[in-house]
Amino acid sequence: MTTRRLVITRSAAVIGAASTGLLLPELARAQSDKVRVGFMLPYTGTFAQLGVAIENGFRMALNEQGGKLGGREVEFFKVDDESNPAKGIENATRLVQRDKVDVLVGTVHSGVQMGIHKVARDTGVLNLIPNAGVHVATRQQCSPNVFRTSFSNSQPTLALGKPMMERGHKKAVWITWNYAAGDEAFEGFEKSYTEAGGTIIKKLGLPFPNVEFQALLTEIASLKPDAVACFFAGGGAAKFLRDYHAAGLSKSIQLYGSGFLTEGVLEAAGEAANGVLTTMHYSDSLDTPRNKQFRLEYAKTFKLQPDVYAVQGYDTGLLLVKGANAVKGDLSNKKALYAAMEGAEIDSPRGKWTMSKAHNPIQDMYLRRVENKENKVIGIAAKAVADPATGCRMG
Ligand code: PHB
């Protein structure tokens, strides 16, 4: 190709691109267009309620800013990820390539998160994790563009062993769904419980999202442990609480769990949940003005009681607001955006928390007991719990 032809071809391409807006300077585009936010969350299946609570909480944080991020209007895109890991990459790719989102908010399920994580690392899109606790996302595969506002899977259970032993429960059975969240929750439980002197006499499990608990409950009855500890969440957690109670076990074997067991399910579980002890980074009954104001506003807006998932969604919104305000809406200024988010202190309904170098919250864990459809705080089980961030080289 001659130089002249090359010039003509290039300028034709330039005119074409300019007419579609592709060549507008990044800043002008950043300030004129809407911020594109993609929700990749479960809206069907056992975690459906969790997805809705996260989206509600996130929208509430933006509504407090007049619906804007760094002064810019916001446009939302949504994908139901069905908590199906097999579709994780495809669904995340749809939001990034087709919808061209600036920020991908998702998700709940650790297996699905791995699909999002691959897409986030391959494309560099900003990913805010409002729930899924899968360890590698903030350990070996931590990434500058990935921030988690919830917990790592072993954080809540790292606080569980000590209160169990303090109550004289020295022999326990562990039960969960066999997938990353259950396996990694076990990691925290095993460490805290055995270090406190407890013995785990059996590990039981079933595939996600199976809720056929009967055979396993029969086995627990025959093992006669002092206590049962578990990870379940969403619709499956409500069913587990009801089945545990119906099997007569709640009378004789104290049930413990990471707090997801009793989040968003207390109406559905009814009296079956009474007396269950859990550790978690939030509690409905936290007696602070911040929590009370949040709960009131959420209930008024959505005609629902908020739970930990609503708080995590809200905090995800608060974090993005902080970042977007720091760069005056220019989300393409990634260096400054990420720096602002890394240094953020989030004034959350759960209490104030900060972001670790690996982009995971450093936060207190509360010990809670269910009383009359409420998670009552009965103490702080562990202060400023940080994930070990093993293998993360950021910071
Ligand atoms: C997860 O898959 O990481 C997960 C799901 C639901 C929860 C907590 C963790 O409540």
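These numbers were taken from a predicted model, which means no experiment stands behind them.

1. Notes on the sheet that holds strand β4 (residues 126–129)
Here is step 1: Overall, parallel pairing links the 5 strands, which are arranged β2-β1-β3-β4-β5 in an open sheet. Every other strand in the sheet has two partners, leaving β2 (74–80) and β5 (146–148) as the edge strands with one partner each. Put simply, the sheet's adjacent strands are angled 20° from each other on average, direction ignored.
Here is step 2: Here 7 bridges tie strand β1 (residues 35–41) to β2, and the two strands are oriented parallel to one another. Residue pairing across strands places V35 opposite V74, the latter belonging to β2.
Here is step 3: Each of β1, β2 and β3 (103–105) touches helix α3 (residues 48–63); the most contacted strand, β1, lies at about 160° to it.

2. Considerations on the site of the ligand
Here is step 1: Taken together, the neighbourhood of the ligand is formed by 15 residues, with V108, S110, G133, Y179 and Y309 sitting nearest.
Here is step 2: In the environment of the ligand, an oxygen atom lies 2.6 Å from a nitrogen or oxygen atom belonging to the side chain of S110.
Here is step 3: When isolated, the ligand has an accessible area of 280 Å², and the protein chains bury 100% of it.
Here is step 4: Here the shell around the ligand is composed, by residue class, of 10 nonpolar, 5 polar and no charged.

3. Quick word on the pattern of salt bridges
Here is step 1: Taken as a whole and assessed by the stated rule, the structure comprises 23 salt bridges.
Here is step 2: In this structure, R290 engages D347 in a salt bridge whose closest nitrogen and oxygen atoms are separated by 3.6 Å. With a gap of 57 residues between them, R290 in helix α13 (residues 289–302) and D347 in strand β11 (residues 345–348) connect regions that are remote in the sequence.
Here is step 3: The salt bridge involving E371 is made with R369; its shortest N-O contact spans 3.2 Å.
Here is step 4: The exposure class assigned to E371 is partly exposed, which follows from its relative accessible area of 30%.
Here is step 5: Salt bridges here are not isolated pairs; linked through shared partners, they connect E55, R59 and K78.

4. A look at the UniProt feature "domain: Leucine-binding protein" (unreviewed entry) in the chain
Here is step 1: UniProt marks residues 34–373 with the feature "domain: Leucine-binding protein" (unreviewed entry), using the numbering shown here.
Here is step 2: End-to-end, the C-alpha atoms of residues 34–373 are 41 Å apart, and along that stretch the chain is 41% helix and 21% strand.

5. Focus on the side chain of R148
Here is step 1: Position of R148 among the secondary structure elements: in strand β5.
Here is step 2: One buried charge, R148, has no salt-bridge partner; the nearest side chain with opposite charge is D387, at 5.9 Å.
Here is step 3: Within polar-contact distance, the side chain of R148 engages the side chain of N360 at 2.9 Å.

6. Concerning unusual backbone geometry
Here is step 1: Note the cis peptide between G106 and T107, where omega equals 5°.
Here is step 2: The residue T107 is located in the loop between β3 and α5 (110–123) in this model.
Here is step 3: The backbone of K224 sits at a positive phi, close to 50°, despite the residue not being glycine.
Here is step 4: A residue is classified by how much of its surface remains accessible, and K224, at 59% relative accessible area, is exposed.
Here is step 5: In this structure, N372 is a non-glycine residue whose phi angle is positive, near 45°.
Here is step 6: Here N372 lies in the loop between β13 (361–371) and β14 (374–385).

7. Digging into the pairing of β4
Here is step 1: The alternating pattern of β4 places L126 and L128 on one face and N127 and I129 on the opposite face, and all of these are buried.
Here is step 2: Inspection of the sheet shows β3 paired to β4 by 3 bridges, in the parallel sense. Bridge pairing in β4 links V105 to L128.
Here is step 3: Assessed by its sense of winding, the connection that carries the chain from β3 through α5 to β4 is right-handed.
Here is step 4: Here β4 pairs with β5 via 3 bridges, running parallel. The residue bridging N127 from the neighbouring strand is V146, located in β5.

Procedures and definitions
- Throughout this document, residue positions are counted from 1 along each chain, in the order its sequence is written.
- The predicted nature of this model means local features are confined to residues of pLDDT at least 70 and side-chain atom pairs, given and counted, to a pLDDT of 80 or more, with totals for whole chains, interfaces and linings taken over all residues.
- Computation of side-chain values: all heavy atoms of the structure, hydrogens and water removed.
- The pairing criterion for strands is at least two bridges between them, as found by DSSP.
- A run of H or I in DSSP counts as a helix once it spans at least four residues, and a run of E counts as a strand once it spans at least two, with each numbered from the N terminus.
- Note on geometry: axes are C-alpha line fits, over the in-contact stretch for helices, and angles between N-to-C directions span 0 to 180 degrees.
- Contacts are assigned to residue pairs that have any heavy atoms within 4.5 Å of one another.
- Any residue with at least one heavy atom within 4 Å of a molecule or strand is counted as near it.
- By the criterion applied in these results, polar contacts are pairs of N or O atoms within 3.5 Å in which, for protein atoms, one can donate a hydrogen and the other can accept it, and in which residues neighboring in sequence qualify only through two side-chain atoms.
- Calculation of accessible area relied on Shrake-Rupley with a 1.4 Å probe; when residues are assessed, cover is drawn exclusively from the protein chains displayed.
- Residue classes follow a fixed rule: Ala, Val, Leu, Ile, Met, Phe, Trp, Tyr, Cys and Pro count as nonpolar, while Asp, Glu, Lys and Arg count as charged, and any other residue, Gly among them, counts as polar.
- Counted as salt bridges are all cases of a side-chain nitrogen of Lys or Arg within 4 Å of a carboxyl oxygen of Asp or Glu.
- Throughout, exposure labels follow a simple rule: accessible area from a 1.4 Å probe, protein chains only, divided by the maximum for the residue type, with under 20% read as buried, over 50% as exposed, and the rest as partly exposed.
- UniProt positions are given in the numbering used here, feature names are shortened, and annotations may be inferred rather than shown by experiment.
- Within this scheme the basic residues Lys and Arg register as positive and the acidic residues Asp and Glu register as negative, but His and the chain ends are omitted.
- Classification remark: right-handed applies to a crossover when, strands pointing away from the viewer, the course from the first strand over the helix to the second runs clockwise.

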